[in-house]
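If you want the building blocks of each chain, they are given just below.
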Amino acid sequence: MHKFLSAIFFTLPLLCANSSQKIPKDQIGAFARGAPYSDHHANLSRLDKVVNDYTEEAIDMHLANIDARQMNIYAKTDIWLSLALAKYRDNIEGKEVAVWYDLQPWYCAFVLTYGGIPTAFDKFTDDIDPRVNVLTPEQFIANPKRFDAIIAVSFLEHEGLGRYGEPQNKNGDLIAMQVFKNMLKKDGLLFIAVPVCKDHLAGNVYRTYGEKLLPELLSGWKVLNSFGHQKSDFKRKHKKGVHHKPIFVLSPN
């Protein structure tokens with residue numbers, strides 16, 4: 001378990017202070033894994049300076065917005081996540097749920113809305129709402145535990161590409177899925193959202209998952225349900241900055 005944790009935790013934006021990296025030309029084929037490639041580049045390594053607000057006031061604001069059906073950055077994805085959490089509420093209510101990687105923390109508030117106990121992996125802050133657990137990656141690696149559920153929205157498509165200054169790995173997203181499996185309890189559930197359209201690798205910025213890359217990502221998992229996904233998604237053309245991100249509910253096989 002530790003080798004997987006070390007691999008994925010090091011790639012979290014909050015730990016990365018290095019400049020982002022372009023994918024080396026001689027490795028593009030390996031990173032693309034058979035998908036078309038376009039030469040995009042982004043440098044978001046400065047996110048290592050961001051400290052998220054876990055105060056009671058901030059969490060209450062997010063809870064009120066969710067209650068009012070005011071969705072956030074990924075509007076449709078948030079609606080689909082609400083449907084998924086409502087359907088699988090028995091797996092959330094009163095249970096420990098890891099939230100990966102929560103930028104605001106918006107998805108911690110989702111967990112609270114459905115009666116769960118959220119744990120975010122972030123920098124340590126002094127004023128933390130007692131309803132939310134916050135662990136640094138180092139703390140978790142020192143004392144790993146397993147969770148009843150994990151939520152990962154808009155994370156896997158970036159993993160291992162070097163966008164955030166992390167070490168590059170052509171299989172970063174697949175390694176992350178193995179990490180999640182090792183973090184789940186026997187009957188745990190994984191809720192993920194990734195962009196689904198024709199397969200594509202957009203430089204060091206993101207992957208999109210189509211008929212080849214999506215089955216590869218989900219290999220070794222049982223797909224219990226999906227929200228917002230249909231087969232026609234695979235016919236969607238890749239458009240820069242326009243992402244259709246359905247929710248998939250998975251359990252370890």
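Just so you know, these numbers come straight off a predicted model, no measurement behind them. (Residues numbered from 1 in each chain as written. Predicted model: local features only at pLDDT ≥ 70, side-chain atom pairs only at ≥ 80, totals over all residues. Heavy atoms only, no water.)

Draft legend 1. Molecular detail of the overall build of the protein chain. When helices and strands are tallied, the protein chain shows eight helices and ten strands. Across the 253 residues that make up the protein chain, the buried fraction comes to 52%. Counted over contacts in the protein chain with a minimum sequence separation of 6, partners at least 24 positions apart contribute 76%. When the accessible surface of the protein chain is split by element, carbon and sulfur atoms take 50% of a total near 11500 Å². (Helix = DSSP H or I, 4+ residues; strand = E, 2+ residues; numbered from the N terminus. Buried < 20%, exposed > 50% of the residue type's maximum accessible area, 1.4 Å probe, protein only. Contact = heavy atoms within 4.5 Å. Areas by Shrake-Rupley, 256 points an atom, 1.4 Å probe, with all protein chains shown as cover.)

Draft legend 2. Summary view of the packing of helix α4 (residues 75-87) against helix α5 (residues 106-113). Orientation of α4 relative to α5, taken along the N-to-C sense of each, is 30 degrees, at an axis distance of 10 Å. Classified by the angle between their axes, α4 and α5 sit roughly parallel to one another. Two packed elements cross with a definite hand, and for α4 against α5 that hand is right-handed. In contact with D78, L81, S82 and L85 of α4, α5 contributes W106, Y107 and F110. Its residues placed into classes, the contact of α4 with α5 shows five nonpolar, one polar and one charged. (Axes fitted to C-alpha atoms, helices over the stretch in contact; angles between N-to-C directions. Parallel < 35°, antiparallel > 145°, perpendicular 65-115°, else oblique. Left-handed = near helix turned anticlockwise from the far one by under 90°. Nonpolar A, V, L, I, M, F, W, Y, C, P; charged D, E, K, R; others polar.)

Draft legend 3. Region of interest: the packing of helix α3 (residues 56-67) against α5. At a closest axis distance of 9 Å, the pairing of α3 and α5 adopts a crossing angle of 65 degrees. When the axis of α3 is compared with that of α5, the two are roughly perpendicular. Between α3 and α5 lies a crossing of right-handed hand. Residues I59, H62, L63, N65 and I66 of α3 form the contact with α5, whose participating residues are W106, A109, F110, L112 and T113. Classifying every residue of the contact of α3 with α5 by side-chain character gives seven nonpolar, three polar and no charged.

Draft legend 4. View of the pairing of strand β10 (residues 247-252). The buried fraction of β10 amounts to five of the six residues, a majority that puts the element mostly inside the structure. Pairing between strand β6 (residues 184-193) and β10: four bridges, direction antiparallel. Bridge pairing links I192 to F248 in β10. Across six bridges, the pairing between strand β9 (residues 221-227) and β10 is antiparallel. In the strand pairing of β10, N225 is matched with V249. (Pairing = 2+ DSSP bridges.)

Draft legend 5. How the structure looks around the nonpolar core. Of all hydrophobic cores here, the largest spans 32 residues; its most connected members are L81, L85, I151, F191, I247 and V249. Listed by contribution, the elements that provide at least two residues to this core are α3, α4, β2 (96-99), α5, β5 (147-153), β6 and β10. Among the elements that make up this core, the one with the highest residue count is α5 (seven residues). Setting aside residues up to four positions removed in sequence, L85 forms contacts with I92, F110, Y114, I151 and F191. Grouped together as the second largest cluster of nonpolar side chains are 30 residues, W100, I192, L217 and F248 included. (Core = buried A, V, L, I, M, F, W, Y, C linked by side-chain atoms within 4.5 Å.)

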